[in-house]
Amino acid sequence: MVRVKHTPLRSCAACSRKLPKAQLTRVVRNADGRVEPDPTGRKPGRGTYLCYDERCRDTGIRRGRIERALKSSFTEEDRTALVEYLSQERQPARTGDKR
Ligand SMILES: [Zn+2]
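Positions within a chain are numbered from 1, following the residues in the order the chain's sequence is written. At least 70 in pLDDT is required for a residue's local features to be given in this predicted model, at least 80 for side-chain atom pairs to be given and counted, and no such filter applies to totals for whole chains, interfaces and linings, which use all residues. Hydrogens and waters are ignored; side-chain quantities use all the structure's heavy atoms.

Participant: It is not clear to me how the coordination of the zinc ion should be interpreted in this structure. Could you clarify?
Facilitator: Ideal geometry at a metal centre: 109.5 degrees between donors when four sit tetrahedrally, and 90 or 180 degrees when six sit octahedrally. Coordination sphere of the zinc ion, protein contribution only: Cys12 (SG), Cys15 (SG), Cys51 (SG) and Cys56 (SG), at 2.2 to 2.3 Å. We call an atom a donor if it is N, O or S and sits within 2.8 Å of the metal, or 3.2 Å for Na, K and Ca. Water is not counted, so some sites may look partial. In these descriptions, tetrahedral denotes four donors with every angle between 85 and 135 degrees, square planar four donors and octahedral six donors with opposite donors over 155 degrees apart and the rest between 65 and 115, and irregular any other case. The coordination sphere of the zinc ion comprises 4 donor atoms, whose angles at the metal cover 103 to 118°; the geometry is tetrahedral. Between consecutive donor residues of the zinc ion, the sequence gaps follow C-x2-C-x35-C-x4-C. Overall, the relative accessible area of 3% leaves Cys12 in the buried class. Any residue under 20% of the maximum accessible area for its type is buried, any over 50% is exposed, and the rest in between are partly exposed; the area is computed with a 1.4 Å probe on protein chains only.

Quick look at the structure:
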């Protein structure tokens, strides 16, 4: 029996578009209340997602969308690290992503 591969969809915290997890970056609030990027998508804690749109990465952090989604505030250190991470991260090859 052939099973159709299920692709879980997640919403971007900034634009609310629903995308496959592979096209989003997970950001997680860990047990210590620190907010950090989670490229593996496996860290424990409350997570939210951002798509690879530059505007989302900007508004997601600057307009507090991530903080709201995680019900948490960035420390200055976390914010700096996250901005740095997101600006350097490369988007994986898109497959079948229609806009
Ligand atoms: Zn987005």
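Participant: Which parts of the structure should I look at to understand helix 3 (residues 76-88)?
Facilitator: Two residues of an α-helix separated by three or four positions point the same way, owing to the 3.6 residues in each turn. Each helix is a run of H or I in the DSSP string that is no shorter than four residues. Each strand is a run of E no shorter than two, and both are numbered from the N terminus. Expected helix span is taken as 1.5 Å per residue step, with the number of steps being one fewer than the number of residues. Its 13 residues give helix 3 an end-to-end C-alpha distance of 19 Å, which sits within 8% of 18 Å, the value for a rise of 1.5 Å per residue. Restricting attention to buried positions, one finds in helix 3 the residues Asp78, Leu82 and Leu86. For helix 3, the angular spread of buried residues about the axis comes to 55°, placing them on one side. Away from its buried face by more than 90 degrees, helix 3 exposes Glu76, Glu77, Ser87 and Gln88. Residues are treated as being in contact if the distance between any of their heavy atoms lies within 4.5 Å. In this structure, the buried side of helix 3 is in contact with strand 3 (24-29), strand 4 (35-38), strand 5 (46-51), helix 1 (54-62) and helix 2 (65-70). The arc in question is formed by the directions pointing from the helix axis toward the C-beta atoms.

Participant: Hey, could you run me through the environment of Leu82 in this one?
Facilitator: Looking at where Leu82 falls in the secondary structure, it is placed in helix 3. On the accessibility criterion, Leu82 (0% relative accessible area) is buried. The sequence separation of Leu82 and Val35 amounts to 47 residues, and the corresponding C-alpha distance is 8.1 Å. Those residues in contact with Leu82 that lie beyond four places of it in its chain are Val27, Val35, Glu36, Pro37, Ile61, Ile66 and Phe74.

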